[in-house]
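A closer look at the structure
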Amino acid sequence: MLYRTHDGLDISEIGIGCYALSGAYGQKDLEAFKAMLRRAYELGVNFFDTADAYGDAEAILGEVVNPFREEVFIATKVGVKDSTKPNLSTEYLQSSCEESLRRLETEYIDLYQIHFDDPETSVKETIAALEDLAGQGKIRHYGLGHLSPPRVEDYLEQGTVFSVLLELNAVARENHRDLLPLCQKYDAGMIAFSVTGRGLLTGKFQEVPTFEAGDIRNLDTFFQRERFQYGLRVMEKLAEIGNRYGKTPAQAAIAWVLAQEGVICALTGPSTIPHLEENLQASGWRFTPQELDEINQFLEEKDERYNQLAEDNVREILTEPLPADPSSAFRDLIYVIETSLRLGMVEESEMMPTFYRLYGLRKELDDQAGPKLSAIQGKLRDLI
Ligand SMILES: NC(=O)c1ccc[n+]([C@@H]2O[C@H](COP(=O)([O-])OP(=O)(O)OC[C@H]3O[C@@H](n4cnc5c(N)ncnc54)[C@H](OP(=O)(O)O)[C@@H]3O)[C@@H](O)[C@H]2O)c1
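Rules behind the numbers
Residues numbered from 1 in each chain as written. Predicted model: local features only at pLDDT ≥ 70, side-chain atom pairs only at ≥ 80, totals over all residues. Heavy atoms only, no water. Helix = DSSP H or I, 4+ residues; strand = E, 2+ residues; numbered from the N terminus. Rg over C-alpha atoms; globule rule 2.2 N^0.38 Å. Buried < 20%, exposed > 50% of the residue type's maximum accessible area, 1.4 Å probe, protein only. Contact = heavy atoms within 4.5 Å. Lys, Arg positive; Asp, Glu negative; His and termini not counted. Charge placed at Lys NZ, Arg CZ, Asp CG, Glu CD. Salt bridge = Lys/Arg side-chain N within 4 Å of Asp/Glu carboxyl O. Near = heavy atom within 4 Å. Polar contact = N/O pair within 3.5 Å; in protein donor to acceptor, adjacent residues only side chain to side chain. Areas by Shrake-Rupley, 256 points an atom, 1.4 Å probe, with all protein chains shown as cover. Nonpolar A, V, L, I, M, F, W, Y, C, P; charged D, E, K, R; others polar. Domains from an automatic or database assignment. Buried area = accessible area lost by both parts, 1.4 Å probe.

A count of helices and strands for the chain gives 13 helices and ten strands. Here the C-alpha atoms of the chain give a radius of gyration of 20 Å, agreeing with the 21 Å that 2.2 N^0.38 yields for 384 residues. Overall, the C-alpha framework of the chain stretches about 55 × 55 × 45 Å when taken along its three principal axes. Here the chain holds 384 residues, and 55% of them are scored as buried. Of all intrachain contacts in the chain linking residues separated by at least 6 positions in sequence, the fraction that spans at least 24 positions is 75%. One way to put it: in the chain the 39 positive side-chain charges average out to a point 2 Å from where the 64 negative ones average out.

Set out below in structure tokens:
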């Protein structure tokens, strides 16, 4: 395992995340997951990411790393534990931090990250609360996640931000493009997540899979329409070059992330030892600059075609009647929101109220949902 130094800390360039413990990727075997975490430590991983919103993940991670607590960095997140409406107020941060410390069975959190934005709390207030927690020794550093670039800049200007968390893989490159100049200007490290594209870039899917109920990939645009096909083409290209070195598609996907400027850690989320061991073999091996150019050229060529297909799909969903099945209609509308934001067809601030309105319906997708979903479709037609 290679390590990258940021702000005086030597961090394993591949970190392990605990999102799977929330059930986001279906049911997992808890004992196998704990064994995976221990093995990660044995193999040199010293950066572990979790969140107060990932089910019991904080308590599970705390229990596993307890015997070697001082040798690892624990990153957790705050803002949306039990609701969809984020809260970054002073009071909320103070009480949430206490609860995370208790669950993690630790006296300090190495990296406390904002999970999602709370537009109702000022950046100044949130930073003051984080600085206060740091002053008390309860957190050592703080970072940002899931914020728009202007909001990231507000935090970077006003605080001492250690890192910015972002989705990054060869399919999802937009956040890196937007955030890199800011991270460079303010010397914040980039912590990449979904580095295997939630499994898409590992080569294990050849057709759009059916995931078990509750798996977030049922809603993930990676596993829908033209984006899935795009992902497969990207996976094949990375795999072709990785294969020259005897590397697997997953290792090639992670090595591509590690080659991107500003990245201090690539977070992957395996739930078994074989997947862990495969992914960690991406450290210590690199694409050549020529190979990276070849990949970039390939990506740019494919972008043009697939972005046009994506835009066509958005327009079609907005103008055709929604599917009669409410779950399918809901998935199509999520696709419209995510795709239109990704392609810059609409401003994020204009879109968020409609996103929250739609997301709030996710547990009410019964026979009565049709008119509400159609109303949201109409609103989206006006916005985009
Ligand atoms: N995804 C997000 O929205 C998000 C947001 C903020 C922070 N994070 C943090 O970043 C961490 C990593 O993100 P992620 O979970 O999206 O990473 P990821 O590694 O891209 O995706 C995890 C999924 O990929 C599969 N996978 C991983 N390696 C594999 C391999 N070698 N072969 C086959 N399948 C493989 C896993 O399957 P198995 O379970 O079968 O191993 C799991 O379903 C999270 O755990 C979390 O701590 C994530």
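There's more to say after this.
Time to look at the pattern of salt bridges. Summed over all chains, the structure comprises 28 salt bridges. Lys-34 is paired through a salt bridge with Glu-31; the nearest N and O atoms lie 3.7 Å apart. With Lys-34 and Glu-31 both in helix 1 (residues 30-42) and three residues apart, the pair spans about one turn of that helix. Each of the salt bridges in this network shares a partner with another, and the network as a whole consists of Lys-237, Glu-240, Arg-244, Glu-291 and Glu-294.

Our next topic: the side chain of Asp-215. Tracing the backbone through its elements, the reader meets Asp-215 in the loop between strand 9 (189-193) and helix 7 (225-243). Setting aside chain neighbours within four positions, we find Asp-215 in contact with Gly-23, Ala-24, Tyr-25 and Gly-26.

Neighbouring the ligand are 29 residues, the closest being Asp-49, Ser-194, Thr-268, Ser-271 and His-275. Take Gly-17: an N or O atom from its main chain is 3.5 Å from an oxygen atom of the ligand. Here an oxygen atom of the ligand sits 2.8 Å away from a polar atom, N or O, in the side chain of Thr-268. Protein chains shield 95% of the accessible area of the ligand, which is 860 Å² for the free molecule. Of all elements in the fold, only strand 10 (263-268) and helix 9 (273-280) reach the threshold of two or more residues within the shell around the ligand. No other element matches the three residues that helix 9 contributes to the shell around the ligand. A class-by-class count of the residues in the shell around the ligand yields ten nonpolar, twelve polar and seven charged.

Partitioning the chain into structural domains gives domain 1 (3-287) and domain 2 (292-383). Taking only C-alpha atoms, the centre of domain 1 and the centre of domain 2 are 25 Å apart. On the domain 2 side, the residues contacting the 25 residues of domain 1 number 25 residues. Note on domain 1 versus domain 2: buried area summed over both sides is about 2,400 Å², and carbon and sulfur give 63% of it. Counting the surface domain 1 buries against domain 2, the share from its top three residues, Leu-219, Arg-225 and Glu-226, is 27%. For the interface between domain 1 and domain 2, the tally reads five salt bridges. Between Arg-244 and Glu-294 there is a salt bridge; the shortest N-O distance is 3.7 Å.

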